[in-house]
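Residue-level structural notes
Below, each chain spelled out in residue letters.
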Amino acid sequence: MKPTALARRTSARTLLAAGLVTSLALAAGCTKSEDAPDPKPSAAQQDAGQVVASPGTASGPTCTVDAYGGRKLDLRTATVGFSQSEKEANPFRIAETASIRAEARAQGVRLLTANAQSQFSKQISDVQDLITRGANLLVIAPLNSDGWEPVLRTAAARLIPIVTIDRKINATACKDYVSFIGSDFTEQGRRAADQMIAATGGKGEIAVLLGAAGNNVTTERTEGFEDRIKEKAPGLKVVFRQTGEFAREKGQSVTENLIQSKPGITGIYAENDEMGLGAVNALKGAGKKPGDVKIVTIDGTRNAVQSIVDGWIYAVIESNPRFGPLAFRTLDTFTKGGKVGQDIVIKDSAYDKGNARSDLGKAY
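Residues numbered from 1 in each chain as written. Predicted model: local features only at pLDDT ≥ 70, side-chain atom pairs only at ≥ 80, totals over all residues. Heavy atoms only, no water.

Per-residue confidence for the protein gives a mean pLDDT of 88, with 84% of residues at or over 70. Within the model, pLDDT remains below 50 along residues 1–39, and this stretch shows 23 contacts once partners closer than five positions in the same chain are excluded. (pLDDT = per-residue confidence, 0-100. Contact = heavy atoms within 4.5 Å.)

Here it is as structure tokens:
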């Protein structure tokens with residue numbers, strides 16, 4: 001055999017072996033998770049992780065494995081199923097799912113995921129499928145608060161603990177599910193009202209772009225806002241309410257109708273950033289200038305915070321979507337037999353013209 005042929009064959013064998021090693025390494029790295037990698041968060045975003053508003057378990061009712069009727073297990077040998085409710089076109093949902101995936105990888109936990117694409121019937125079947133595929137712990141971001149009985153029956157029969165994030169389900173904590181982790185949505189509404197009062201001087205006509213019907217977030221953000229307005233600013237009148245379904249396009253179309261029916265509107269309270277950004281688009285299309293109509297929103301997305309810098313949005317109350325670390329820490333404590341809160345309320349910050357530019361990097 002000629003030396004050159006031998007060299008070529010040796011080189012081919014080397015490349016084949018290297019490829020095999022790489023493939024095995026990749027396969028080993030994927031055995032714990034069935035999800036593609038997400039972009040690594042910036043240092044500023046990592047610093048903006050969730051903080052529990054009331055640390056510890058003494059501030060409210062708790063739950064344990066024994067009280068729930070479950071069984072102890074090692075989180076790192078478990079399979080966690082995560083059910084996302086909405087299409088990941090919304091930055092909140094993108095950040096929420098990315099946080100769950102990142103924490104699963106960090107903990108070495110096998111993760112199964114499903115996305116209901118904003119269809120409640122699909123979310124119910126999604127969760128049933130996650131159970132069939134072997135999930136023995138569940139993290140659910142519910143689309144609606146009602147209608148979870150089929151899932152709860154199945155999970156109870158198999159002793160599968162459930163943690164819900166960002167929205168509650170209408171069921172009994174530490175019986176039907178373990179814990180809810182999320183914001184104080186009523187308080188978010190109150191804080192948004194305070195910002196609206198400051199923006200308008202407490203006088204004028206305001207509109208409310210309601211979130212999607214059928215969940216506690218919309219109900220509580222509305223109650224908190226309107227109760228605070230009545231209490232502190234009787235000169236501010238809510239003259240328009242319509243759902244924008246938490247979507248930018250719907251928020252824009254609703255605001256276009258609003259401008260026609262209420263041309264002298266003073267302020268708009270949008271119950272999430274996407275609807276608020278839709279309102280900005282509508283105002284631009286109507287020839288309005290930044291600040292002509294005061295807009296207050298809830299979430300904390302990068303585009304909304306940038307709109308504060310640009311003068312279109314007055315303030316944004318944060319609703320932090322980075323549930324991964326807290327959700328997995330709750331599951332870990334619970335499955336080891338420790339106490340966890342039935343309601344774990346997180347702290348949310350806020351953005352206004354005083355900090356929007358400096359804190360833009362913390363937005364998602």
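On to the packing of aromatic side chains. What the rule picks out here adds up to 5 aromatic pairs. Each ring, one from Tyr 68 and one from Phe 334, has its centre 5.7 Å from the other, and the planes form 85°; the classification is edge-to-face. Placement of the pair is Tyr 68 in helix H3 (residues 65–68) and Phe 334 in helix H12 (residues 324–335), with a sequence separation of 266 residues. Accessibility expressed as a relative area gives 1% for Phe 334, which makes it buried. Judged by centre distance (3.9 Å) and plane angle (15°), the rings of Phe 225 and Tyr 269 are stacked. Separated by 44 residues along the polypeptide, Phe 225 in helix H8 (residues 216–232) and Tyr 269 in strand E9 (residues 267–270) bring together distant segments of the chain. (Phe/Tyr/Trp six-rings, centres within 6.5 Å; stacked < 30°, edge-to-face > 60°. Helix = DSSP H or I, 4+ residues; strand = E, 2+ residues; numbered from the N terminus. Buried < 20%, exposed > 50% of the residue type's maximum accessible area, 1.4 Å probe, protein only.)

With 14 residues, helix H9 (residues 248–261) ought to run about 20 Å at 1.5 Å a step, and its terminal C-alpha atoms sit 20 Å apart, in line with that. For H9, every residue scored as buried is listed here: Gly 251, Val 254, Thr 255, Leu 258 and Ile 259. Seen from one end, H9 has its buried residues packed into an arc of 145°, which puts them on one side. Of the residues in H9, the exposed ones pointing more than 90 degrees away from the buried face are Glu 249 and Gln 260. Each element contacted by the buried residues of H9 is listed here: strand E7 (204–210), strand E8 (236–243), E9 and helix H10 (273–285). (Expected span 1.5 Å × (residues − 1). Arc of directions from axis to C-beta.)

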